[in-house]
Amino acid sequence: MDLEQQERKGLPVWLKVVLVMLAIVVGLALLLTAGAVVLYKRYGAELASNVKAQVAEGAAFGATTDEEGCLDRVLGDYRAAPGLKGSIGATAFLSSCFKQCAETAKFCSDVPPTTDLVASAEWRVARCQEAGLTDHYCPHLFAQVQTHCEAPENDEEGDEESGPEPEGESTP
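Residues numbered from 1 in each chain as written. Predicted model: local features only at pLDDT ≥ 70, side-chain atom pairs only at ≥ 80, totals over all residues. Heavy atoms only, no water.

### Focus: the overall build of the protein
We count it as follows: We count a stretch as a helix when DSSP gives it H or I for four or more residues in a row; a strand needs E for two or more, and each element gets its number in order from the N terminus. Relative accessible area decides the class of each residue, using a 1.4 Å probe on protein chains only: under 20% of the type maximum gives buried, over 50% gives exposed, and in between gives partly exposed. Should any heavy atoms of two residues lie within 4.5 Å, those residues are considered in contact. Accessible areas in this description were obtained via Shrake-Rupley with a 1.4 Å probe; residue shielding takes into account the shown protein chains only.
Along the protein, the regular secondary structure elements total six helices and zero strands. Starting at the N terminus, the α and β elements of the protein follow one another as α-α-α-α-α-α. Each of the 172 residues in the protein was classed as buried or not, and the buried ones make up 28%. For the protein, contacts bridging at least 24 residues in sequence account for 72% of all contacts bridging at least 6. Carbon and sulfur atoms form 61% of the exposed surface of the protein, whose accessible area is close to 12000 Å².

In structure tokens, the structure reads:
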């Protein structure tokens, strides 16, 4: 095949397919970005102020209750306002409530680690079902419980993983 025939033939089919697929991916990325910008401009300030209010309310409530009380309160609030927006506020409330509350005995005993993805997903869905919540955002609330339970200060099995004790402060 001479050079003239190759020029008339154009791009190979596989290259055309790759270029079309690339154009589709770039187009979808641009649409998603534009959609995110529109949503942020429309709802961003409202969500931010809602989260700030939920953090303050959660901290105040946490000072008066224990871990189970924080979870019970947030589940009740979430039942009244489920969905993405309710999930965002409830997660902020729960996080700040857990930071201020007293411990509940055995609260974290059956909580799987977040690194065990299958057990985590199953546990979150089961807990949502036990609470009577079946929407797609409920598991995010129980992810917050897992995060809280994984914090070093909430290790119910002792402090074996926290490292050696400082010199002169050994326990008898």
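### A few points about the packing of aromatic side chains
Put simply, the rule is: In this scheme Phe, Tyr and Trp rings, the latter by its six-membered ring, pair at centre separations within 6.5 Å, and the angle between planes marks the pair as stacked below 30 degrees, edge-to-face above 60, and tilted otherwise.
Tallied over the full model, the rule gives three aromatic pairs. Aromatic pair Phe 98 and Phe 107: ring centres 5.8 Å apart, planes at 65°, arrangement edge-to-face. A residue is classified by how much of its surface remains accessible, and Phe 98, at 5% relative accessible area, is buried. Between the aromatic rings of Trp 123 and Phe 142, the centroid separation amounts to 5.8 Å while the plane-to-plane angle is 90°, which identifies the pairing as edge-to-face.

### Brief notes about the packing of helix H3 (residues 67-80) against helix H6 (residues 138-150)
Note the following rule: Axis angles are defined between N-to-C directions and span 0 to 180 degrees, where every axis is a line fitted to C-alpha atoms and, for a helix, only to the segment in contact. Here the word oblique covers every angle except those under 35 degrees (roughly parallel), over 145 (roughly antiparallel) and from 65 to 115 (roughly perpendicular). Should the near helix be turned counterclockwise from the far one by less than a right angle, the crossing is left-handed, whereas a clockwise turn marks it as right-handed. Three classes are used, and their members are as follows: Ala, Val, Leu, Ile, Met, Phe, Trp, Tyr, Cys and Pro are nonpolar, Asp, Glu, Lys and Arg are charged, and the others, Gly among them, are polar.
Running from N to C, H3 and H6 cross one another at 165°; their axes reach a closest spacing of 11 Å. As summarised for this structure, H3 and H6 are arranged roughly antiparallel, according to the angle between their axes. Of the two elements, H3 crosses H6, and the hand of that crossing is right-handed. Contacts from Glu 67, Leu 71, Leu 75 and Tyr 78 in H3 reach Cys 138, Leu 141, Phe 142, Val 145 and His 148 in H6. Residues of the contact of H3 with H6, tallied by class, amount to seven nonpolar, one polar and one charged.

### Let's talk about the state of the cysteines
The criterion, for reference: The rule for a disulfide is simple: a pair of cysteine sulfur atoms within 2.5 Å.
Enumeration over the complete set of coordinates arrives at three disulfides. Between the sulfur atoms of Cys 108 and its disulfide partner Cys 149 the distance amounts to 2.1 Å. Measuring the twist about the S-S bond at about -75°, one finds the Cys 108-Cys 149 disulfide to be left-handed. Of the two residues, Cys 108 sits in the loop between helix H4 (84-100) and helix H5 (117-130) while Cys 149 sits in helix H6, which places them 41 residues apart along the sequence.

### Remarks on the packing of H3 against H4
Here H3 crosses H4 at 165°, and the two axes come no closer than 10 Å. Relative to H4, the element H3 lies roughly antiparallel. The hand of the H3/H4 crossing is right-handed. Facing H3, whose interface residues are Glu 67, Cys 70, Leu 71, Arg 73, Val 74 and Tyr 78, H4 presents Gly 86, Ser 87, Ala 90, Phe 93, Leu 94, Cys 97 and Phe 98. Considering only residue class, the contact of H3 with H4 consists of nine nonpolar, two polar and two charged.

### Digging into the nonpolar core
Let me state the cut-off plainly: Put simply, a nonpolar core is a bunch of buried Ala, Val, Leu, Ile, Met, Phe, Trp, Tyr and Cys residues held in one set by side-chain atoms that sit within 4.5 Å of each other.
Membership of the largest hydrophobic core comes to 23 residues, with the highest contact counts inside it found for Leu 71, Leu 75, Leu 94, Phe 98, Phe 107, Phe 142 and Val 145. Only H3, H4, H5 and H6 provide two or more residues apiece to this core.

### Structural notes on the pattern of salt bridges
Rules: One speaks of a salt bridge when a side-chain nitrogen belonging to Lys or Arg is within 4 Å of a carboxyl oxygen belonging to Asp or Glu.
Evaluated as defined, the whole model comprises four salt bridges. Between Glu 57 and Arg 73 there is a salt bridge; the shortest N-O distance is 2.3 Å. Note that Glu 57 is positioned in helix H2 (residues 13-62) and Arg 73 in helix H3, a separation of 16 residues in sequence. In this structure, Arg 73 engages Asp 77 in a salt bridge whose closest nitrogen and oxygen atoms are separated by 3.0 Å. You can see Arg 73 and its partner Asp 77 sitting in helix H3, four residues apart, about one turn around the helix. Judged by relative accessible area, which is 25%, Arg 73 ranks as partly exposed. Through salt bridges with shared partners, a single network forms among Glu 57, Arg 73 and Asp 77.

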